Amino acid sequence: TKPKTVFLDVKPSVNTVTVRKYSDAFDDGVTTRRDSVVLYGTEGRPSLTSAKSLEVFQKDIFFIDIYPITIYLRAIGVLPVTRPGPAQAHFKFLSASFFYSVLFFVGITSYVGYVTVNRLHIISGLKGPFEEAVIAYLFLVNIFPIALVPLLWLETPKIAKVWNDWNDFEILYYQISGSGVPLKLRKKFLTIAIVLPILSVVSVVITHITMSDFNLIQVIPYCLLDNLTVMLGAYWFACCECLSATAYILAERFQKALRHIGPAGMVADYRAMWLRLSKLCRDTGTATCYTLTFMALYLFFIITLSIYGLMSHYLQDLDIGLALTAVSNICLLFFICDEAHYASHNVRTNFQKKLLMVELNWMNSDAQTEINMFLRATEMNPSNINCGGFFDVNRNLFKGLLTTMVTYLVVLLQFQISIPDSGKAKVDNITMSMSDMSTMKPIG
């Protein structure tokens, strides 16, 4: 049997009061009460429920930062989360957000069905070379992201749980550090939420304008579906960026805290925070495992077909539309893999470096034991972001997909080369036969 991951239930060790959640922290008024963790170097910490501490504590930092991206996803009907307040995100079938999502999905599916019928009619009438047929199928593959909407419905409850866990982590961070998590990423994500959809629409329009069968009415669903793909990539980027930034901040605060001789409980408290952050790291991948798997396969096919179309036409002219499609999707796949790799590195490897550099000589035996337990926890608790345990999302995934793309491109190019040769041979044989017949002398 697989060994159970250890230390997952660790809580701050000072006193016996458990870690408070939002439901406990803001529903009991402003009664003064000492919290479960003391502020090291001072006599105590401001109570989380006191009026003064509420002014210092910044609520809902994670959700506020990613809000520009999530509100765009909700506007296109793919993230039907009901969230009346912090730590209250949930998914309900009988809700206004889900009803809106269903209506949007039915509308876009009808539109996509109309475009698909026209695309199939164009493909069935093709009589050109092999590469033209492959490029025609590229526009049919571009319709596949419509399947992401029901996949996200399936995973919305898990996404809502991750949001709630972030709120609980913020409470724990404040109890231990005495301040909110200083992420400050809202402006960055707001810029992404504005710029990416515009670039996506421009890329789709340019790609379709270069085609002979350009039809503006049929371009609209392609723009929506491409926006859906890039904004899901932006959501993944935002979640991983928040994990990376939080892990870096936590590691720096932990290193500064170790400069002061304090109780062993200080190390235990930071270990508790790290374990929760590590769990958030794993849950981020699990919450969108089916969606991310589908996106990885979709991007693989789109990039392969786009590059093949470019390589098959490079001797004639450069297809700007195919070039934009290939470059944009390669960048999207790279940032998905790279940001997850960076988040996993910051959450685990960066903390291990901080722990290995700790001087244990001046610490008491209890503190040394806690340091060793912390280091062991980082070794035994995986912090890799993976898709439900099927594969890790990191730079190796990007490298593996590119390697597979090269293999498929070689096969496609070989197949393309073989077709003109055989066709030319047949034409040459027919020409030679006709010339022989013309040179034959009549009998008699």
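Residue positions are given per chain, counted from 1 along the sequence in the order it is written. Only residues with pLDDT of at least 70 get local features here, since the model is predicted, and only at 80 or more are side-chain atom pairs given and counted; chain-wide, interface and lining totals rely on the full set of residues. The side-chain quantities take in all heavy atoms of the structure and omit both hydrogens and water.

(A) Broad picture of the UniProt feature "transmembrane region" (unreviewed entry) in the chain. UniProt positions are given in the numbering used here, feature names are shortened, and annotations may be inferred rather than shown by experiment. Using the residue numbers shown here, the UniProt feature "transmembrane region" (unreviewed entry) corresponds to residues 93–114, 134–154, 189–210, 230–251, 287–308 and 320–337. Taken end to end, residues 134–154 is 71% helix and 0% strand, and its two terminal C-alpha atoms sit 32 Å from one another. Secondary structure counts use DSSP, requiring at least four H or I residues in a row for a helix and at least two E residues in a row for a strand, with both numbered from the N terminus. Annotation note: span residues 189–210, helix share 95%, strand share 0%, distance between end C-alpha atoms 32 Å.

(B) The arrangement of the packing of helix α3 (residues 61–75) against helix α6 (residues 148–177) in detail. Helix axes use the C-alpha atoms of the stretch in contact, all axes being lines fitted to C-alpha atoms, and the angles between their N-to-C directions lie in the range 0 to 180 degrees. Contact pair α3 / α6: the axes reach a minimum separation of 9 Å and the direction vectors enclose 150°. Note on element contacts: α6 touches α3 through W163, W166 and E170, opposite I61, F62, F63, I66 and T70. Three classes are used: nonpolar for Ala, Val, Leu, Ile, Met, Phe, Trp, Tyr, Cys and Pro, charged for Asp, Glu, Lys and Arg, and polar for all others, with Gly counted as polar. Of the residues in the contact of α3 with α6, the class split is 6 nonpolar, 1 polar and 1 charged. We call two residues in contact when some of their heavy atoms are within 4.5 Å.

(C) Geometry of the side chain of E155. As for its position among the elements, E155 is in helix α6. Those residues within four positions of E155 in sequence are excluded, and the remaining contacts are T286, A287, T288, C289, Y290 and T291.

(D) Layout of helix α8 (residues 216–257). Each residue after the first adds 1.5 Å to the expected span of a helix. Its 42 residues give α8 an end-to-end C-alpha distance of 60 Å, which sits within 8% of 62 Å, the value for a rise of 1.5 Å per residue. Buried, partly exposed and exposed residues are distinguished by accessible area as a fraction of the type maximum, computed with a 1.4 Å probe on protein chains only: under 20%, between the cut-offs, and over 50%, respectively. Buried residues dominate α8, accounting for 33 of its 42 residues.

(E) Inspection of empty space enclosed by the protein at higher detail. A 1.4 Å probe that fits into a set of points on a 1 Å grid over the protein atoms alone but cannot get out defines a cavity; an open set with protein on both sides within 12 Å along at least five of seven lines defines a pocket, and lining residues are those with an atom within 4 Å of a point. Grid points are joined across faces, edges and corners, and a volume is the space filled by probe spheres set on the points. The tally for this structure, following the rule as stated, stands at 7 cavities of 30 Å³ or more. Empty space within the largest cavity amounts to approximately 150 Å³. Contributing to the lining of the largest cavity are 14 residues, with N142, V204, D226, Y298 and T325 lying nearest its centre. Elements represented by at least two residues in the lining of the largest cavity include exactly α7 (186–209), α8, α10 (289–313) and α11 (320–356). Ranked by the residues each element gives to the lining of the largest cavity, the list is headed by α7, at 4 residues. Here the lining of the largest cavity is built from residues that sort into 6 nonpolar, 7 polar and 1 charged. Considering only enclosed or pocket space, the second largest cavity measures out at about 100 Å³ in volume. Surrounding the second largest cavity, 13 residues form its lining, L232, Y235, W236, T288 and T291 being those nearest its centre. Elements with a contribution of two residues or more to the lining of the second largest cavity: α6, α8 and α10. For the lining of the second largest cavity, the element with the most residues is α8, which contributes 4 residues. Broken down by class, the residue content of the lining of the second largest cavity amounts to 10 nonpolar, 3 polar and no charged.

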